[in-house]
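# Per-entry structural report
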Amino acid sequence: MGLEGDTWQEKSLAAGNLLQTKARKVQLQLGSHSAMEIESLILGAGQEVGKSCVVVSIGGKKIMFDCGMHMGYLDHRRYPDFSLISKSGDFDKALTCIIITHFHLDHVGALPYFTEVCGYRGPIYMTYPTKALAPMMLEDYRKVMVERRGEQEQFSSDHIVECMKKVTAVDLKQTVQVDNDLQIRAYYAGHVLGAAMFYAKVGDSAMVYTGDYNMTPDRHLGAAQIDRLRLDLLITESTYATTVRDSKYAREREFLKAVHKCVAGGGKVLIPTFALGRAQELCILLDDYWERMTRPVVINIDGGLTIQANMYYKMLISWTSQKVKDTYATRNAFDFKHVCSFDRSLINAPGPCVLFATPGMISGGFSLEVFKQWAPSEMNLVTLPGYCVAGTIGHKLMSGKPTKIDLDKDTQIDVRCQIHQLSFSPHTDAKGIMDLVKFLSPKHVILVHGEKPKMASLKGRIQSELGIPCYYPANNDAVHIPSTQYVKADATDTFIRSCLNPNFEFLKSSGESNSDLGFKDSNAVQLVQIRDERVAQGILILENRKKAKVVHQDELLPMLGVENHEVKSAYCCPVHISNLEQIKPNELSRSNLSLDPSSRKNALPLSKCSWLHLLFEKLSNELPGGDIQELKNHLQLESFHVSVCSNDNCPYKTLEVSDIKSDTGLYPDPCLHAYSEVLRFESRGGNFPINWLYVPIGRGVFKPSSAEFGPAWFGMKCKNLGSSSPRL
Amino acid sequence: MCLSVADVKDCVQKIKTLKYAEEVCYNGTLIIKAFSSGLEIGTSNWTINGPRRNITCLSSSIFESAHAMNFDYHSLQGNDLILFSDFSSLHGTTGVCKDSDASSNLHACQASTAYDCSSPRDDNGNGEGFIKSLFNSEESLEEMEKLAFICSCAIDSVKEGGSVLIPIGHLGIVLQLVEQISLSLESANLKVPIFIISTIAEDILAFTNVVPEWLCEQRQQKLYSGEPLFAHVELIKDKKLHLFPAVYSPNLLGMWQEPCIVFSPHWSLRLGPVVHLLRRWCGDQKCLLVLEQGVDADLALLPFKPMKMKVLQCSFRCGIKYGFLLHLSRHYFHCSTVLTFSVCRLQQVQPLLEMLKPKFVLLPEELRLQIPSSNTHLSSFFYYTENETLRVPRLRDFFEADLAFQFQPGRLKEENKCLARLKGELFIEHGKHLFVLGKEPVDSSQSRPLLHWGSLDLNLLLKRLREKGINGSVEQSGSDIGPLNACLIHVYEPNKALIEIRAMSTIISAADETLASLIFEAVSSVLDGI
């Protein structure tokens, strides 16, 4: 798995911070601010591969991600349509910055044109390796265009130099403050040396643009790595939107075996590649393999480009895989032992030979020269990269097994050599894309850099499997999604502390759940689940021209400079004792305060305490979870009090005490006086079910602060206990 | 007790490494970042951002470095508190400088360095212009001069047939000296080998060439043009520079020739290959020993007396400048030469603080006199001493919390003030408090006020009650229910109820729940509440 954990979340979990385990996505809109949205204008790589360029407007900033060119076109379609950014051509005003993800031409190819010809002068960001290697790619391309195709150049060498001067290099994970509001950060993307995914954040809105990435490590590069971020938008490549690949090592072995077999048989191996990236990976692969062979054959590299590139790779070793990094002090992995520069005059020298030559798809240049010479012999081998653009010889060789290739109307090449197609690619496969999307769980996904039908299928998967809205716009289309915005407020200590107070619940799990957890044999072991669900409550104060403030309830009144006005409900009702036998003698003996002796002559001298105690026992039986406290002069259930009304002329006696005849064996009694501070009358019907006390606020669990009782509760309670006339 | 290699390895494994400006979050609340201080490769100033305040730990910093990335002071801007822990000046002022037999050209040097504090500080009003002026200015020139002087002394010695011994101190100085001396040797057409004898030489030099992201701009430029970052790469390839792990390395013995130039640990002159070489050369007055400031030369050289060797002691920048003084002095003792450069630097501190605009600055007690607090109006100064806790006033009484909610207009009872109850969950995430409102909509019955304040207006209450069809008779200050100023409303319609009103409490008694809740509503509407 390329994503190394849930970076901050896992660590804080380890630190025992329970709070963060509950972190979840925030869904919020600030009603009136519907204008806050993220716009993604796709200028390239929309439903195609080539000229990657997306302009994202986020929180008032406009960022251009990649500025690539299309290798398949020579007309205006080669570059993104920059006029869509600004009609007037004032790109400095229109764009906040440009971010380039890696040095491939379909990601950086149009940059010198945009800066030097179109006149963009704003900031440009790319990683150190990209800044070092992009000029080589651009210069090489420019030369091919001008010298080989005889085309009029779109930009000059000087343009490239001037353009690169404007670039700010960034390191991985370095948090760059582009301006006061915009923050960007690069994450390792694998794909090629220096490739990065970029995170951009303005205010509370955040997004990631992946560029090209690889979720599995290869010989010289590590796998993509990113933190778990709270994102509104993820723009990801989807080159292999539907492909799932197996282990890479098997395919590497195939390649080595093919090369070995050819060389052992005295044949020549042509490896057409780009100068950067794949060439180094294969060099490492072969150099390593050769090291273990008894009679190695020299690996030849044509042209200075790759040799020079190796020089850069050596200095940029900290951007390679861990394995390569670990050995740099003793031997830099790019100090190849068996690699040397190719003497072109030896093209037809006898004997085995391994040769790297550019360009990769045999679309021209030296690789085509060599191909012409070597293709007719069946002893020889040509390896092809994983992807070839239509129209190139590489593409023709890949599609079927041609025996003859028409180069132009005069030249025809006999193809008798063996063809080996490299099936490993530095792009992530569908599983990798899904893993990344799942890991980041953004609110929206946009797919770019892929083929339309495959993108459609991947979009379907992302929406159905992950439930995330997904889009794959075509070139020059724009996608609008809402962005996140929070209200900023000052919060007091007391409020914060009250929110952080643990709110533990101990739930006894049943036998069934034990067996689910694999404790089938031991039902005796009772598991106790502990849940700590904290519900934060506070009061928001908004004042004109002041920052919003959140306080705890207890702080509000002093802050407002006012005094509490208590509103209580009270209810008195007579309670009768129906069965004297229920009163145990020891309870009677415990009573030391005698009731008004004048009230009834034959009444037992029951004290207030005994009354309350009786009530307490009764209620405790009825409400086992209620946690009723028996205090000296009253019973208490949270804010609800029960006490004996001491007032003979109790003004709250709204029910008349009916004279109950002594022959019924009932004794009139003192008035039970009940009141509560929390004023809530939930039950409007006649019946108060017992379990009403357990009415959930959270998850079906009794919450003291929210279960509130009206005066009727007590009365109802008593009614439920027996007759319509409250009695004990 | 001596640490084993395993102990060291275990310890190093526990270190979490960061890039410059990489954010790391501790416990959800503190965000820690490191920024280049310019002193050496990877040396850092740290910022800690918490909900209460933002702190900068400012260590020895150098504005413009010739090898490491420059002092990134921009990123330290706007933090509330600076813990100033650049002690470099404390070592500098109490240095070895005993005698100032300053020659005329040294005077000139002093004049050019002494900075007139009053003139260019006004631009932008934040001292930034001044700090910029420090860049590309005399400071790095001065350093280059020192290096050039050491080089010329080394070349002189070598020409006389003496060897040069340079104990390894600051890595950056060694890297630069290797480059400069090899250039000087080349231009003087001298074929003298340079040796670095150290167990870690190979690792360190390999390392310095693969960390372009940590180096100064000139060195990064070399990356872009595809050249090695330090000249030592080519020197090793051309066999002009040789690395050996120890003096007894067989290859070294085979290659040894004098005169030569040797870099080797340890600067204390008490351990490492330097001891052997010093024994060999201390009696030779053609040989040269280069010491860095910070070593007590008298004490360090004591075991090697009588010293005939020339000794050159030089202080290099190791922190922010405090003072206006520059001493260049030359001492002669025991027939050997000690040249002391000692620089007291106070002049950079104030403009730096003015630009960083902290509210508090914590300075070591020793600098109380050197950095006068009177000139800066923006910050309060505190002075700390070892082993004593210093209390710094609170800056914020409040946490900043982000509230994520769909805002509903709350109860507006007072002018300009709006109150609303919040219920949800509080998260602490990446140094921020995030309050997420519960998803369940607040139902109307739950939105009843739980807290009331103010006093009850009786007439208004009666009016509200009548509106709800509730009628009652008022009984003023019933003495039998207790305190005065109480008042009772006996409700008789639609059912019996009693409302007892006191100054700061109201008690509603009703057998009929519906009635009770109607009365409650009426009372609530008269009082302020939430």
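Residues numbered from 1 in each chain as written. Chains lettered and ligands numbered in written order. Predicted model: local features only at pLDDT ≥ 70, side-chain atom pairs only at ≥ 80, totals over all residues.

### Let's talk about the overall build of chain A
Summing up its helical and strand segments, chain A has 20 helices and 32 strands in all. For chain A, buried positions account for 43% of its 728 residues. Counting contacts in chain A only where the partners sit at least 6 residues apart, residues at least 24 apart contribute 72% of the total. (Helix = DSSP H or I, 4+ residues; strand = E, 2+ residues; numbered from the N terminus. Buried ≥ 20, exposed ≤ 12 C-beta atoms within 10 Å, placed from the backbone. Contact = placed C-beta atoms within 7 Å.)

### Remarks on the confidence of the model for chain B
Residue and element names in this part refer to chain B. Per-chain confidence: chain B averages 78 in pLDDT, with 74% of residues scoring 70 or above. Across residues 322–345, where pLDDT falls below 50, the model places 82 contacts with residues more than four positions away in sequence or in other chains. Interface predicted TM-score (ipTM) for the complex: 0.79; the corresponding pTM is 0.76. (pLDDT = per-residue confidence, 0-100.)

### Some points on unusual backbone geometry
Peptide bonds are mostly trans, and most non-glycine residues show a negative phi. In this structure, Pro259 of chain B follows Glu258 of chain B across a cis peptide bond, with omega equal to 0°. Tracing the chain through its elements places Pro259 of chain B in the loop between helix 10 (250–255) and strand 9 (261–264). With omega at 0°, the peptide bond leading from Lys305 of chain B into Pro306 of chain B counts as cis. Locating Pro306 of chain B in the fold gives a position in the loop between helix 12 (297–301) and strand 11 (310–314). A positive phi angle, close to 55°, is found at His449 of chain A, a residue other than glycine. Position of His449 of chain A relative to the elements: it lies in the loop between strand 20 (444–448) and helix 14 (452–466). Classification of His449 of chain A as buried rests on a count of 29 C-beta atoms within 10 Å. For Lys357 of chain B, which is not glycine, the phi dihedral falls at a positive 50°.

### A short note on the UniProt feature "domain: Beta-Casp" (unreviewed entry) in chain B
As recorded in UniProt, the sites labelled "domain: Beta-Casp" (unreviewed entry) are residues 174–299 of chain B. Between the end C-alpha atoms of residues 174–299 of chain B there is a gap of 23 Å, over a span that is 43% helix and 13% strand. (UniProt positions renumbered as here; feature names shortened; annotations may be inferred.)

### Structural notes on the sheet that holds strand 16 (residues 381–384) of chain A
All names here are of chain A. Strands sit in the order 14-13-15-12-16-19 across an open sheet of 6 strands; the sheet is parallel. Across the chains shown, the open sheet's two edge strands, defined by having one partner strand only, are strand 14 (339–341) and strand 19 (418–421). Direction aside, neighbouring strands of the sheet carry axes that sit 25° apart on average. Together, strand 12 (268–272), strand 15 (353–357), strand 16 and strand 19 form the strand contacts of helix 7 (residues 248–264), whose direction differs from that of strand 16 by roughly 160°. Across the face of the sheet, helix 8 (residues 278–291) comes into contact with strand 12, strand 13 (299–301), strand 14 and strand 15 while running at roughly 160° to strand 13. (Pairing = 2+ DSSP bridges. Axes fitted to C-alpha atoms, helices over the stretch in contact; angles between N-to-C directions.)

### A closer look at the environment of Ala510 of chain B
Structurally, Ala510 of chain B can be placed in strand 23 (residues 505–510). Spatially, the C-alpha atom of Ala510 of chain B lies 8.6 Å from that of Ile499 of chain B, the residues being 11 residues apart in sequence.

### Some thoughts on the nonpolar core
Across soluble globular proteins, you tend to see nonpolar side chains buried next to one another. Core analysis: the largest hydrophobic core is formed by 184 residues, its most contacted members being Val54, Met197, Phe198, Met207, Val208, Val269 and Leu355 of chain A. There are two domains that each give this core at least three residues, and those are domain 1 (37–244 + 426–482) and domain 2 (248–421) of chain A. In this structure, Leu175, Leu185, Leu291 and Val311 of chain B belong to the second largest nonpolar core, which totals 49 residues. (Core = buried A, V, L, I, M, F, W, Y, C linked by C-beta atoms within 7 Å. Domains from an automatic or database assignment.)

### As for helix 14 of chain A
Helical geometry note: an α-helix holds 3.6 residues per turn, so side chains three or four residues apart project in the same direction. All names here are of chain A. Given a rise of 1.5 Å per residue, 15 residues ought to cover 21 Å, and the 20 Å separating the end C-alpha atoms of helix 14 matches this to within 8%. Considering only its buried residues, helix 14 is in contact with helix 13 (430–440), strand 20 and strand 21 (470–471). Positioned one or two residues after helix 14, Gly467 has a phi angle of 65°, which is positive. (Expected span 1.5 Å × (residues − 1).)

### Some thoughts on the sheet that holds strand 14 (residues 360–364) of chain B
Residue and element names in this part refer to chain B. Taken in spatial order, the 7 strands make up an open sheet running 1-2-3-4-5-14-15, and their pairing is mixed. Every other strand in the sheet has two partners, leaving strand 1 (24–26) and strand 15 (380–384) as the edge strands with one partner each. Within the sheet, the average angular offset between the axes of one strand and its neighbour, ignoring direction, is 20°. As paired strands, strand 3 (residues 44–49) and strand 4 (residues 54–58) are joined by 4 bridges and run antiparallel to one another. Note that in strand 4 the partner of Asn49 across the bridge is Asn54.

### Here we look at the pairing of strand 3 (residues 61–65) of chain A
Residue and element names in this part refer to chain A. Most of strand 3 is tucked away, with 4 of its 5 residues classed as buried. Pairing of strand 2 (residues 53–58) with strand 3 involves 5 bridges; the strand directions are antiparallel. For Ser57, the partnering residue across the bridge sits in strand 3 and is Lys62. Taking the residues between adjacent antiparallel strands as the criterion, strand 2 and strand 3 are bridged by 2 residues, where Gly59 takes a positive phi near 55°.

### What about the pairing of strand 27 (residues 548–551) of chain A?
Residue and element names in this part refer to chain A. Note: strand 23 (residues 487–492) against strand 27, 3 bridges, orientation parallel. If you follow Ala491 over to strand 27, its bridge partner there is Val550. Here strand 26 (residues 536–543) runs beside strand 27; their pairing, made up of 3 bridges, is antiparallel. Within the sheet, the bridge partner assigned to Leu540 lies in strand 27 and is Val550. Counting the residues between successive antiparallel strands, the hairpin from strand 26 to strand 27 contains 4 residues, one of them, Arg545, with a positive phi of roughly 55°.

### Thoughts on the confidence of the model for chain A
Residue and element names in this part refer to chain A. Predicted confidence across chain A gives a mean pLDDT of 74, with 70% of residues reaching 70 or more. Across residues 1–35, confidence stays below pLDDT 50; counting only partners more than four residues off in sequence or on other chains, it has 55 contacts. Note on residues 511–522: pLDDT under 50 across the span, and 7 contacts to partners over four residues away in sequence or across chains.

### Some points on the packing of helix 13 of chain A against helix 14 of chain A
Residue and element names in this part refer to chain A. Running from N to C, helix 13 and helix 14 point in directions that differ by 40°, and their axes come no closer than 11 Å. Compared by their axis directions, helix 13 and helix 14 come out oblique. Judged by the twist between their axes, the crossing of helix 13 over helix 14 is right-handed. Between helix 13 and helix 14, the residues in contact are Ala430, Ile433, Met434, Val437 and Lys438 and Leu458, Arg461, Ile462 and Leu466, respectively. Considering only residue class, the contact of helix 13 with helix 14 consists of 7 nonpolar, no polar and 2 charged. (Parallel < 35°, antiparallel > 145°, perpendicular 65-115°, else oblique. Left-handed = near helix turned anticlockwise from the far one by under 90°. Nonpolar A, V, L, I, M, F, W, Y, C, P; charged D, E, K, R; others polar.)

### Focus on the environment of Leu461 of chain B
Residues and elements named next belong to chain B. Of note, Leu461 is situated in helix 14 (residues 458–467). Each C-alpha atom, one on Leu461 and one on Ile519, is 9.2 Å from the other, the two residues being 58 residues apart in sequence. If we skip the residues at most four places from it in the chain, Leu461 touches Leu456, Ala522, Val523 and Val526.

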